Amino acid sequence: MGEGRSRTAQLERENASQAALILSLQQTIAGLQAALNQQTKAFEAVVEKLEAMERRFLRPKTEKRTKVPPPAKDAARPDPAETKTKRAKNRESKREQAKTEETFHRVPDEQRCCPGCGPHELRPVGKGQTSEWYEYHPGYFIRYVDRLETLACSCGDYIVTAPPPPRPFENAKYGPRFIAHLLVAKCFDAIPLARQESMFKRLGIPMSRSTMCDLFHRAAAEFEPLVTTLFALIAAAPVVQADETSIKVKTSDKRGFIWTFLTDELVAFRFSPDRSGHTPQQVLGGTEGVLVVDGYTGYNKVVGVDGRLRAGCLAHARRKLFEAQEVAPEAVNEALDILQDVYTVEREAKKQGIAGTPEHLALRRANSAPAMDKLHDWLTEQQRLHPPRGKLGKAISYALNSWDALNVFLTDARVPVDNNRSEAALRRVALGRNNWLFVGHDQAGQNFAGLMSLIASCVVQGVNPEIYLADVLMRLGTHPRSEIEALLPHRWAPIETDAG
């Protein structure tokens, strides 16, 4: 009997030990499974980043696509009449802008007599034939020497000297045209000052980089009141688009940011040492209207009940769907076809010349609104079929979470369907980031952003930025500050000047 109890107790201890071992193994397996899941997520994140880098550096960057079935090849060809007209306009534009030098070429003496009729001279036929060609002459410098007349009275007490011609700023040794060229080359053409230094050296003009740097920052200080006025006009606009991109600051361990704020007429850039919402609040705080941006939360400080109405970017939503095509090609193509219908409306409005008008809004409500409803149905249906953390699941969540903002364009014809103009404006900054790599310090970033604002606004208005900057630089010192808005690119009218 005692042996039976002892045997039973031993079995119970063995069972308890085995149960503890099983529990321990189960906990170990659960821990390993959790670690495996974590590693799998990390691996998927790395794969996703590698795919993004492959798309960026190795694959075509275009998001263009063709509906199935594709249109006929003839339909894709440009209209021959339009092509001919465009080429004629280009030829006429070159003739107007280029300096013309006409040279008369005689027929050689040995060919001025008819071989069959004898030695008498041939008669001219009409004005002769013409052929034209173009040649490029490198830029050059002109050294201007101003001799100032000095007069003196015989009494010896009165001496007067003729006033010197105006200069861009005090003690300037260079004229406004050179300074304007330097600013546009650095800001818009993204040519670093070091590269400009070597270019001028090839022309035989040693131009110190430090001298050009001083001219750059002095000019930025002169233009600062004009940039401030430009930002005030943008803040008062009913529809503003905005975006931002990073830029390296040499004197800081952190990256700075260049923000762009633009309207139909003006483009402005603002430098900030961080990506916080402080910059949008500085520019647009306390204003009303519509702000077209992506989903970044930094703009939340200026949108909402007491601020602007947030409008989303349909191109961002489309891009995320486009990048998820490999997950479900047929389903994603259906969504992209729907979005293409929305963009077709925009192209048609632009073609008809009714963009931003009530007719454009009516066209959106008649065609774009049903397409957006169809897209919402597609998103809702597909959301149940794909994991939320997957690539397509994230794209769907982005679109649905931003749905109200993405539909603002259906209520106001002035609101664009996407924020592509802001992204295009920042491409010039990205080009500079690749060429001159960084800004020296925060003030240099602010100076660059201010000058870039005026130059980019000139481009939007179809104004030559070099001519504009050279003209305005000479007028800022005497122009009334109360009327400074007249010097902005969309109001500017040039004044002929003899200044060198």
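The structure displayed is predicted, hence computed values, not measured ones. (Residues numbered from 1 in each chain as written. Predicted model: local features only at pLDDT ≥ 70, side-chain atom pairs only at ≥ 80, totals over all residues. Heavy atoms only, no water.)

Caption draft 1: Structural view of the environment of Val283. In this fold, Val283 is placed in helix H7 (residues 278-284). When its relative accessible area of 7% is taken as the criterion, Val283 is described as buried. Distance from Val283 to Glu466, taken between C-alpha atoms, is 27 Å for residues 183 residues apart in sequence. (Helix = DSSP H or I, 4+ residues; strand = E, 2+ residues; numbered from the N terminus. Buried < 20%, exposed > 50% of the residue type's maximum accessible area, 1.4 Å probe, protein only.)

Caption draft 2: Geometry of the nonpolar core. Counting residues in hydrophobic clusters, the biggest one holds 74 residues, and the most contacted among them are Phe223 and Phe269. It is helix H6 (residues 209-235) that contributes the most residues to this core, twelve residues altogether. Counting 39 residues, the second-largest nonpolar core is a separate cluster that includes Ala315, Ala328, Ala331 and Phe409. (Core = buried A, V, L, I, M, F, W, Y, C linked by side-chain atoms within 4.5 Å.)

Caption draft 3: A look at a negative patch on the surface. A cluster of acidic side chains, namely Glu334, Asp373, Asp377 and Glu381, defines a negative patch on the protein surface. In terms of residues, the negative patch owes the most to one element, helix H10 (residues 358-383), which gives three residues. Mapped onto the secondary structure, Asp373 falls in helix H10. (Patch = residues over 30% accessible without salt bridge, like charges linked within 9 Å, V, L, I, M, F, W, Y side chains within 5 Å. Areas by Shrake-Rupley, 256 points an atom, 1.4 Å probe, with all protein chains shown as cover. Salt bridge = Lys/Arg side-chain N within 4 Å of Asp/Glu carboxyl O. Lys, Arg positive; Asp, Glu negative; His and termini not counted. Charge placed at Lys NZ, Arg CZ, Asp CG, Glu CD.)

Caption draft 4: Examining the packing of helix H4 (residues 176-187) against helix H5 (residues 193-202) more closely. The N-to-C vectors of H4 and H5 enclose an angle of 130 degrees; their axes lie 10 Å apart at closest approach. Taken together, the axis directions place H4 and H5 in an arrangement best described as oblique. The crossing of H4 and H5 is right-handed. When H4 is examined against H5, the residues Phe178, His181, Leu182, Ala185 and Lys186 are found in contact with a partner set consisting of Leu193, Gln196 and Phe200. (Axes fitted to C-alpha atoms, helices over the stretch in contact; angles between N-to-C directions. Parallel < 35°, antiparallel > 145°, perpendicular 65-115°, else oblique. Left-handed = near helix turned anticlockwise from the far one by under 90°. Contact = heavy atoms within 4.5 Å.)

Caption draft 5: Inspection of the pairing of strand S4 (residues 255-262) at higher detail. By the criterion of burial, S4 is predominantly enclosed, with seven of the eight residues buried. The pairing of strand S3 (residues 239-249) with S4 spans eight bridges and is classified as antiparallel. If you follow Ala242 over to S4, its bridge partner there is Phe261. Counting the residues between successive antiparallel strands, the hairpin from S3 to S4 contains five residues. The pairing of S4 with strand S5 (residues 267-272) spans six bridges and is classified as antiparallel. Its bridge partner lying in S5, Leu262 is registered against Val267. (Pairing = 2+ DSSP bridges.)

Caption draft 6: Spotlight on the confidence of the model for the chain. Here the chain averages 87 in pLDDT, and 93% of its residues register 70 or above. The model gives residues 68-76 a pLDDT under 50, and that stretch makes one contact with residues more than four places away or in other chains. (pLDDT = per-residue confidence, 0-100.)

Caption draft 7: Structural context of the packing of aromatic side chains. Taken as a whole and assessed by the stated rule, the structure comprises eight aromatic pairs. Their ring planes at 55 degrees and their centres at 5.4 Å tell us that Phe141 and Phe178 sit as a pair that is tilted. Residue Phe141 is located in the loop between helix H3 (80-97) and strand S1 (150-152), and its partner Phe178 is located in helix H4; the two are separated by 37 residues in the primary sequence. Given a relative accessible area of 10%, Phe178 falls into the buried group. With 5.2 Å between their ring centres and 70 degrees between their planes, Trp436 and Phe448 make a pair best called edge-to-face. On the criterion of sequence distance, the pair formed by Trp436 in the loop between helix H13 (420-435) and strand S8 (438-439) and Phe448 in helix H14 (residues 442-461) is long-range, its members being twelve residues apart. Summarising the burial analysis for this pair, Trp436 and Phe448 share the class buried. Through a chain of ring-to-ring contacts, the aromatic side chains of Phe141, Tyr174, Phe178 and Phe200 assemble into a single cluster. Lying across the ring of Trp436, Lys186 places its NZ or CZ 5.5 Å from the centre. Sitting over the ring of Tyr296, Arg275 keeps its end group 3.8 Å from the ring centre. (Phe/Tyr/Trp six-rings, centres within 6.5 Å; stacked < 30°, edge-to-face > 60°. Lys NZ or Arg CZ within 6 Å of the ring centre and 35° of its normal.)

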